[in-house]
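Here are the chains, one letter per residue:
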Amino acid sequence: MNTQAPPARGSIGELTVYFLRLGLLGFGGPVALVGQMERELVAERGWLSSEQMRESIAICQSLPGPLAIQVGIYISYLRGGFWGAWAGGWAFILPNFVIVAALGALYVYLGDLQPVTAVFYGVSPAVIALILHSCYRLAKLGMEDPVQWAIAAVCFVVTVILRTEVALLFIGAGVIGILYYGNLFRRRPPIVLQVGAAPVLAQLVAVTSNSTLAKLLLFFLKAGSLTFGSGLVIVPFLEQGLVQQYGWLDQRQFLIAVAVGMISPGPVVITATFVGYLVAGFWGSLVSTIGIFLPSFILVLVAAPLLAKYRANPNVQGFVKGAYAAAIGTILGACILLGRIAIGDWLTALIGIASLAVLFRWKVSNPLLIAATAIVGLIAFPLLQPDWVMVK
């Protein structure tokens, strides 16, 4: 196989078929999905070279948005051009949308049943463990020095105590990263504003319509531009908006939405589909899905070519390092906030600790862990009858 020559253009049909299959069967989170794409598209199909694959991953890691989806969009762009990117990207998302929208419908119609409450009594502390374990892996991957840890600590405290708008944390952290790691005063970087444009523009979006669908669309457009480092980054942002600001969900429902996003194929941000269905039925799930993923298409098609040219710029790298550190801090802060809801007695504390231990000791898949803790909840809930659990 030639790993250096650029691959020939492919058909939109083959892109669509491949990413439909990947979206349906792709479990394991962004790292696993990107690894599967690298194995299948480089080693097996020869769609692109090893060098192009590494460059695609590096570029998409520098952009806000769910990594696996953006790598898929970028590969589709390289293989099929502008329309190939749209076809491959939405084909990747479509199976996740169908699965999660169906789960949303089931929850809406069955959520009042005690077994459903029992399942999520056991599952909720496992979700906290999954978030903590993912945060640990992200920290190992991208936290390099004490300055990043200091940024993360500040964002952690702000998230826990003040629940301040997360977009401001990311923008501020990115600016600190530019000042500390970059060379802003020696040369003005043309790309920094491009990298930070999505959060800034999202911050300025005002919801002026009384339509719930319009509010959902604008809210998730804003959220879709804030996922630096991992889809988990939007957890604190979603909690603030969905629970605190709009009151669309209570905190127990929000934890259930996060759990569904983590156990379904595809990125965690597919949580938006579940939330949309709970708030406004099928059309709510559709507009929420469009809102959460549309910024990824725009960023990949507009900013990715610029980042490919300026990725080595120290100011760009500084912004990404600062925003990445903010991601770690806000995820940990969200774990504290959500943990107060998920853990309320000795059994849920035990489930959380045991789940974390299992994740660190063995490579257990998310669906398997969720299934095991769901069984524990089904058995224990009728026996203990915990009155602290918020029932739908």
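Please read these numbers as outputs of a predicted model, since none were measured by experiment.

Novice: Honestly, the state of the cysteines in this entry has me stumped. Any pointers?
Specialist: Each disulfide is one covalent bond, formed between the sulfur atoms of two cysteines. Enumeration according to the criterion identifies zero disulfides in this entry. Considering cysteine sulfurs only, Cys335 is the nearest to Cys135, which forms no disulfide, with 6.5 Å between them.

Novice: Explain helix H4 (residues 67–110) here, please?
Specialist: Helical periodicity: at 3.6 residues per turn, an α-helix aligns residues three or four positions apart in one direction. Between its first and last C-alpha atoms H4 spans 33 Å; for 44 residues at 1.5 Å apiece the expected length is 64 Å, and the helix comes up short by more than 12%. At Gly80, H4 is deflected by roughly 145 degrees, the largest bend along its length.

Novice: Just checking my understanding: could you explain the pattern of salt bridges for this structure?
Specialist: Between side chains of opposite charge, a pair can form when the charged atoms approach closely. For the coordinates displayed, the defined rule picks out three salt bridges. As a salt-bridge pair, Lys321 and Glu144 come within 3.3 Å of each other at their nearest N and O atoms. Of the two residues, Lys321 sits in helix H13 (residues 314–342) while Glu144 sits in the loop between helix H5 (114–142) and helix H6 (146–162), which places them 177 residues apart along the sequence. With relative accessibility at 54%, the residue Glu144 sits in the exposed group.

Novice: It is not clear to me how the packing of H5 against H13 should be interpreted in this structure. Could you clarify?
Specialist: Pairs of packed helices are described in terms of their axes, by the angle between the two and the distance that separates them. Here H5 crosses H13 at 165 degrees, and the two axes come no closer than 10 Å. As summarised for this structure, H5 and H13 are arranged roughly antiparallel, according to the angle between their axes. With respect to the hand of their crossing, H5 and H13 are arranged in left-handed fashion. Between H5, through Ser124, Pro125, Ile128, Ile131, Leu132, Cys135, Leu138, Ala139, Leu141 and Gly142, and H13, the contact on the second element is made entirely by Tyr324, Ile328, Ile331, Leu332, Cys335, Leu338, Gly339 and Ala342. In terms of residue class, the contact of H5 with H13 is made up of 15 nonpolar, three polar and no charged.

Novice: Can you walk me through the side chain of Ser124 in this structure?
Specialist: Here Ser124 shows up in helix H5. Overall, Ser124 belongs to the buried group, its relative accessible area being 1%.

Novice: For this particular structure, what's the right way to read the packing of aromatic side chains?
Specialist: What describes a pair of aromatic rings is the distance from one ring centre to the other and the angle between the planes of the rings. Applying the stated rule across the entire model yields 18 aromatic pairs. Three or more aromatic residues link up through ring pairs in this structure, and these residues are Phe82, Trp83, Trp86, Trp90 and Phe297. Note that Lys321 overlies the ring of Tyr181, its terminal NZ or CZ placed 4.7 Å from the centroid.

Novice: Which parts of the structure should I look at to understand the confidence of the model for the protein chain?
Specialist: Interpretation of this model should avoid reading the predicted coordinates in detail wherever pLDDT is low. On average, the protein chain scores 80 in pLDDT, and the residues at 70 or more come to 83%. Taking the mean pLDDT of every element in the protein chain, the minimum, 45, falls on helix H8 (residues 192–204) and the maximum, 93, on helix H14 (residues 346–361). Throughout residues 188–209 the model reports pLDDT below 50, and contacts reaching past four residues in sequence, or to other chains, amount to 40 contacts.

Novice: Would you mind showing me how to read the packing of H5 against helix H11 (residues 251–263) here?
Specialist: Between H5 and H11, the least distance of the axes is 9 Å, while the angle of their chain directions is 65 degrees. Classified by chirality, the crossing of H11 by H5 is left-handed. In this structure, H5 contributes Phe120, Tyr121, Val123, Ser124, Val127, Ile128, Leu130 and Ile131 to the contact, and H11 contributes Arg252, Leu255, Ile256, Val258, Ala259 and Met262.

Novice: Looking at this structure, how should I read the side chain of Ser296?
Specialist: Take Ser296: it is sitting in helix H12 (residues 271–310). Look at Ser296 and you get buried, because its relative accessible area is 0%. If we ignore the near neighbours within four places in the chain, the residues touching Ser296 are Gly65, Pro66, Gln70 and Ile73.

Novice: Got a minute to help me understand a nonpolar patch on the surface in this structure?
Specialist: Taken together, the side chains of Trp346, Leu350, Ile375, Leu378, Ile379, Leu383 and Leu384 present a nonpolar region at the surface, about 760 Å² in accessible area. Of all the secondary structure elements, the ones that give two or more residues to the nonpolar patch are H14 and helix H15 (366–384). Among the elements that make up the nonpolar patch, the one with the highest residue count is H15 (five residues). Position of Ile375 among the secondary structure elements: in helix H15.

Each value, and the rule that gives it
Residues numbered from 1 in each chain as written. Predicted model: local features only at pLDDT ≥ 70, side-chain atom pairs only at ≥ 80, totals over all residues. Heavy atoms only, no water. Disulfide = S-S within 2.5 Å. Helix = DSSP H or I, 4+ residues; strand = E, 2+ residues; numbered from the N terminus. Expected span 1.5 Å × (residues − 1). Bend = angle between axes of the 7 residues up to and from the residue. Salt bridge = Lys/Arg side-chain N within 4 Å of Asp/Glu carboxyl O. Buried < 20%, exposed > 50% of the residue type's maximum accessible area, 1.4 Å probe, protein only. Axes fitted to C-alpha atoms, helices over the stretch in contact; angles between N-to-C directions. Parallel < 35°, antiparallel > 145°, perpendicular 65-115°, else oblique. Left-handed = near helix turned anticlockwise from the far one by under 90°. Contact = heavy atoms within 4.5 Å. Nonpolar A, V, L, I, M, F, W, Y, C, P; charged D, E, K, R; others polar. Phe/Tyr/Trp six-rings, centres within 6.5 Å; stacked < 30°, edge-to-face > 60°. Lys NZ or Arg CZ within 6 Å of the ring centre and 35° of its normal. pLDDT = per-residue confidence, 0-100. Patch = residues over 30% accessible without salt bridge, like charges linked within 9 Å, V, L, I, M, F, W, Y side chains within 5 Å. Areas by Shrake-Rupley, 256 points an atom, 1.4 Å probe, with all protein chains shown as cover.

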